[in-house]
Amino acid sequence: QLISGLHHLETMQKQVTHFKSMRSDVKDALAKRDEAWGLTTHYERKAASLKADVAKAHDGKHDATKTQEKEERLFRTGKKLQESQDALSASIDCASAACENTIVAQRCGVGELLAELCEYYDEAFAPSGLRASPVIATSDGQESNEPREVACRHCNRDMSADRRAH
């Protein structure tokens, strides 16, 4: 009897595997964000150090050539800093979107997993007379065994007709 519902367990396993891959995508996006943050921090420190060197060069008795070289280095570092800040901003947006999409998809997916588990129990135990009969509380407080329209509360998609397509 338990084997008759095995396809439900296999479906659940595929869903869990899909959730794991989604978390992997989030980890990758967060790693890229952290890398971009490190690069931005590097250029911020380098620019601050060069600004101090240029300020000292203008105040001291350094030759004009060395001062100009330091100013050019500061300019190039400023450009690299701006590029790294732009990359950091983009990677933060990407990581945020990946996190949000994963959270919503997994919240919706938990409902699908539970429904699949219920179908497994229903199919596996129905021959022994242990068939589940869902009781649903209606909006007026009464109980009903009638199927009803079900919408995902996270994305409002109708899940009653074809739950697996969600």
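One can find the structure itself at the top, above this paragraph.
First things first, this report covers the structure right here in the doc. The residue numbers shown here count from 1 along each chain, following its written sequence. Local features in this predicted model are restricted to residues of pLDDT 70 or higher, and side-chain atom pairs are both shown and tallied only at a pLDDT of 80 or more, whereas totals for entire chains, interfaces and linings draw on every residue. As a convention, hydrogens and water are excluded, and side-chain values are obtained from all of the structure's heavy atoms.

All right, on to the overall build of the protein then. Helix and strand counts for the protein come out as 2 helices and 2 strands. The helix count covers DSSP runs of H or I at least four residues long, the strand count covers runs of E at least two residues long, and both are numbered beginning at the N terminus. Helices and strands appear in the protein in the N-to-C order α-α-β-β. A 1.4 Å probe rolled over the protein chains alone gives each residue an accessible area, and that area as a share of the maximum for its type sets the label: buried under 20%, exposed over 50%, partly exposed in between. Burial statistics for the protein: of 166 residues in total, 23% are counted as buried. Residue pairs in contact within the protein that sit at least 24 positions apart in sequence constitute 67% of those at least 6 positions apart. Contact between two residues is taken to exist if any of their heavy atoms lie within 4.5 Å; hydrogens are not considered.

Let's shift gears to a negative patch on the surface. Only residues whose relative accessible area exceeds 30% and that form no salt bridge enter a patch; like-charged residues are grouped when within 9 Å of one another, and nonpolar side chains (Val, Leu, Ile, Met, Phe, Trp, Tyr) when within 5 Å. Computed with a 1.4 Å probe, the accessible areas rest on the Shrake-Rupley method; for each residue, only the protein chains presented here act as cover. Any Lys or Arg side-chain nitrogen found within 4 Å of a carboxyl oxygen on Asp or Glu counts as a salt bridge. His residues and chain termini do not enter the charge count, which takes Lys and Arg as positive and Asp and Glu as negative. To locate a charge, the coordinates of NZ of Lys, CZ of Arg, CG of Asp or CD of Glu are taken. The grouping of Asp63, Glu69, Glu71 and Glu72 at the surface amounts to a negative patch. Note on placement: Glu71 falls in helix α2 (residues 64–125). A relative accessible area of 32% places Glu71 in the partly exposed class.

Take the packing of helix α1 (residues 6–59) against α2 next. Each pair of packed helices gets described by two things: the angle between the helix axes and the distance between those axes. The angle between two axes is taken between their N-to-C directions and runs from 0 to 180 degrees, where each axis is a line fitted to C-alpha atoms and a helix contributes only its stretch in contact. At a minimum axis distance of 6 Å, the contact between α1 and α2 shows a crossing angle of 165 degrees. On the basis of their axis angle, the class for α1 and α2 is roughly antiparallel. Of the two elements, α1 crosses α2, and the hand of that crossing is left-handed. Here the contact of α1 with α2 is composed, by residue class, of 31 nonpolar, 15 polar and 15 charged. Here the angle decides the label: under 35 degrees means roughly parallel, over 145 means roughly antiparallel, 65 to 115 means roughly perpendicular, and every other value means oblique. Left-handed describes a crossing in which the near helix is turned anticlockwise from the far one by less than a right angle; the clockwise case is right-handed. Under this grouping Gly is polar, as are all residues other than the nonpolar Ala, Val, Leu, Ile, Met, Phe, Trp, Tyr, Cys and Pro and the charged Asp, Glu, Lys and Arg.

On inspection of all chains with the given rule, the structure shows 1 salt bridge. Between Arg33 and Asp34 there is a salt bridge, with its nearest N and O atoms 2.8 Å apart. Judged by relative accessible area, which is 29%, Arg33 ranks as partly exposed.

These figures capture arrangement, not role.
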